[in-house]
Each structure stands twice: as C-alpha cells, then as structure tokens.
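Residue strings, one per chain:
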Amino acid sequence: MVNLKDYAPFTGLLIFGNIENLILASQGAVAHVDPFILSVLSIIAVIIWLLIGTYGTKMAIKYADYIEIFGGVAIIILGIQSMLEAMGL
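Basis of the calculations
- Residues numbered from 1 in each chain as written.
- Predicted model: local features only at pLDDT ≥ 70, side-chain atom pairs only at ≥ 80, totals over all residues.
- Heavy atoms only, no water.
- Helix = DSSP H or I, 4+ residues; strand = E, 2+ residues; numbered from the N terminus.
- Buried < 20%, exposed > 50% of the residue type's maximum accessible area, 1.4 Å probe, protein only.
- Contact = heavy atoms within 4.5 Å.
- Areas by Shrake-Rupley, 256 points an atom, 1.4 Å probe, with all protein chains shown as cover.
- Expected span 1.5 Å × (residues − 1).
- Bend = angle between axes of the 7 residues up to and from the residue.
- Patch = residues over 30% accessible without salt bridge, like charges linked within 9 Å, V, L, I, M, F, W, Y side chains within 5 Å.
- Salt bridge = Lys/Arg side-chain N within 4 Å of Asp/Glu carboxyl O.
- pLDDT = per-residue confidence, 0-100.

Let us look at the overall build of the protein chain. Along its length, the protein chain carries three helices and zero strands. In sequence order, the protein chain lays out its α and β elements as α-α-α. Within the protein chain, buried positions represent 13% of all 89 residues. For the protein chain, contacts bridging at least 24 residues in sequence account for 88% of all contacts bridging at least 6. Looking at the protein chain as shown, the accessible area adds up to about 7,100 Å², and 77% of this sits on carbon and sulfur atoms.

Right, dumping it as structure tokens:
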C-alpha cells in the first residue's frame, strides 16, 4: 500500500507539474504534432516520472525543500516561455 504522507512535501510540485504538462501538450498541438505521437510520448513521460517519483522519493525526501524551489522555478520559466511563444514573441 502506498503511504501518501511520503509524497506530502511534493504536493505543490505535483499539482503545478501536471499543469505544466498540459501546457506542453497544448504547445505540441499548436505546433501541429501528430496527436498519436504526442499522446504516446506523453504517456511514456508520465510513466517514467511515476517510476522515478515512486522509487526516488525515499532518497529525495531530505532534499524536498530544494526540489520544490527548483521545480517551481522551472515550471514558471516554462510557463512564461509558453505564453511568449503563444503571443508570437
């Protein structure tokens, strides 16, 4: 059984990471990437991150605060990049 308390420090990163995944998928759709290829690659990425997250949490838990900060910064940067590209800048 999975203990969800182990993942509590990463909750914000999980939520905003999923939002960023939606943004990147929409970028692929706007760029006219084949939807089948886009969906297969997205599923593969989600499975890989699930495995990394499941098995890496025990090692990374002591660095949760740093991971949260760097992950949040990366999400913000990718979001800004997405908005700028959508506006044609």
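It is worth spelling out the side chain of serine 82 at this point. In this fold, serine 82 is placed in helix H3 (residues 64–86). The exposure class of serine 82 is buried, given its relative accessible area of 11%. Leaving out residues up to four positions away in the same chain, serine 82 has contacts with Ile23 and Gln27.

A few words on H3. Between its terminal C-alpha atoms H3 stretches 32 Å, which fits the 33 Å expected from 23 residues at 1.5 Å a residue. Among all positions of H3, only Ala64, Gly71, Ile75, Gly79 and Ser82 are buried. Two residues or fewer after H3 comes glycine 88, characterised by a positive phi angle close to 80 degrees.

At threonine 54, helix H2 (residues 35–60) shows its strongest bend, of approximately 35 degrees. Taken as a whole, H2 has its buried residues at Gly56, Thr57 and Ala60. Contacts from the buried residues of H2 go to H3.

The next subject is a nonpolar patch on the surface. The grouping of Val33, Phe36, Ile37, Val40, Leu41, Ile44, Ile48, Trp49 and Ile52 at the surface amounts to a nonpolar patch, some 890 Å² of accessible area in total. With respect to the element layout, isoleucine 37 can be found in helix H2. Look at isoleucine 37 and you get partly exposed, because its relative accessible area is 43%.

Across the protein chain, the average pLDDT comes to 77, with 88% of residues at or above 70. The spread of mean pLDDT over the elements of the protein chain runs between helix H1 (residues 11–30), the lowest at 72, and H3, the highest at 83.

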